[in-house]
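Residue-level listing of the chains:
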Amino acid sequence: MITETVRKNAVKVLFVDDEFIEFRALKKKIADLSEPAVEVEYSPSIGDALEKIRLARFDLILLDNRLLPNADFRETVPELRGIGFTGPIGVVSTDISGGYFQEFPDYGVDFRIGKDEIDAQTLQHIIREYVNYDVPDFWKDDYSI
């Protein structure tokens, strides 16, 4: 089990991918992210992810589209939702152009993103959009006239 040092009030992200190198790449891409504090945990399989979700709270799941022995998110996401995970789930894939990606809301997926699109700014945006996080005032848009 690989767990980052727990930071107080950190946004907890579970990254599920059968390629450990993808986790390492994500860690490098978001290394400069200081706000919000993010704790990323790795799971190499859907079975491992299910166990971790049963034992701990996660604010966001980033899920590789294809995890063996499952075909794709159409099988794995219902498993995550089936054990009661109600937080945001983003499907991450090298190629998100397949027509079946248009069905993602039907399977309990909140968003889809290409692996090459993930960086510190993108993760910050995803957290702002999908995770209940107390955003610092300087991030908030002033809509008052």
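Rules of the game
Residues numbered from 1 in each chain as written. Predicted model: local features only at pLDDT ≥ 70, side-chain atom pairs only at ≥ 80, totals over all residues. Heavy atoms only, no water. Salt bridge = Lys/Arg side-chain N within 4 Å of Asp/Glu carboxyl O. Helix = DSSP H or I, 4+ residues; strand = E, 2+ residues; numbered from the N terminus. Axes fitted to C-alpha atoms, helices over the stretch in contact; angles between N-to-C directions. Parallel < 35°, antiparallel > 145°, perpendicular 65-115°, else oblique. Left-handed = near helix turned anticlockwise from the far one by under 90°. Contact = heavy atoms within 4.5 Å. Nonpolar A, V, L, I, M, F, W, Y, C, P; charged D, E, K, R; others polar. Buried < 20%, exposed > 50% of the residue type's maximum accessible area, 1.4 Å probe, protein only. Arc of directions from axis to C-beta. Core = buried A, V, L, I, M, F, W, Y, C linked by side-chain atoms within 4.5 Å.

As recorded in an unreviewed UniProt entry, the chain goes by the name Response regulator, listed as coming from Rhizobium redzepovicii.

Right, let's talk about the pattern of salt bridges for a bit. Between side chains of opposite charge, a pair can form when the charged atoms approach closely. Scanning the model with the defined rule gives nine salt bridges in all. Note that Lys-115 and Asp-17 form a salt bridge whose closest N and O atoms lie 2.9 Å from each other. Of this pair, Lys-115 sits in the loop between strand E6 (111-114) and helix H4 (120-130) while Asp-17 sits in the loop between strand E2 (11-16) and helix H1 (20-29), and the two are 98 residues apart along the sequence. As a salt-bridge pair, Arg-81 and Asp-110 come within 3.0 Å of each other at their nearest N and O atoms.

A few words now on the packing of helix H2 (residues 46-55) against helix H3 (residues 73-82). Close contact between H2 and H3 brings their axes to 10 Å; oriented N to C, the two are set at 20°. For the element pair H2 / H3, the angle class is roughly parallel. Where H2 crosses over H3, the handedness of that crossing is right-handed. Residues Ile-46, Leu-50 and Ile-53 of H2 pack against Thr-76, Glu-79 and Leu-80 of H3. Taken together, the residues of the contact of H2 with H3 break down into four nonpolar, one polar and one charged.

Of the residues making up H3, those classed as buried are Phe-73, Thr-76, Val-77 and Leu-80. Within H3, the buried residues cover an arc of 95° as seen down the axis, which keeps them to one side. In this structure, the buried residues of H3 make contact with H2, strand E4 (60-64) and strand E5 (89-93). Of the residues trailing H3, Gly-84 is marked for its positive phi of about 100°.

Attention shifts here to the nonpolar core. Within the largest apolar cluster, 21 residues are counted, with the highest numbers of intra-cluster contacts made by Val-40, Leu-60, Leu-62 and Leu-123. Among the elements of the structure, E2, H1, strand E3 (38-43), E4, E6 and H4 are those that each provide at least two residues to this core. Per-element tally for this core: the top contributor is H4, with four residues. Apart from residues lying up to four places away in sequence, Leu-60 is in contact with Lys-12, Val-13, Leu-14, Pro-88, Phe-111, Leu-123, Ile-126 and Val-131. Counting residues in hydrophobic clusters, the runner-up holds 20 residues, among them Ile-53, Leu-67, Val-77 and Val-91.

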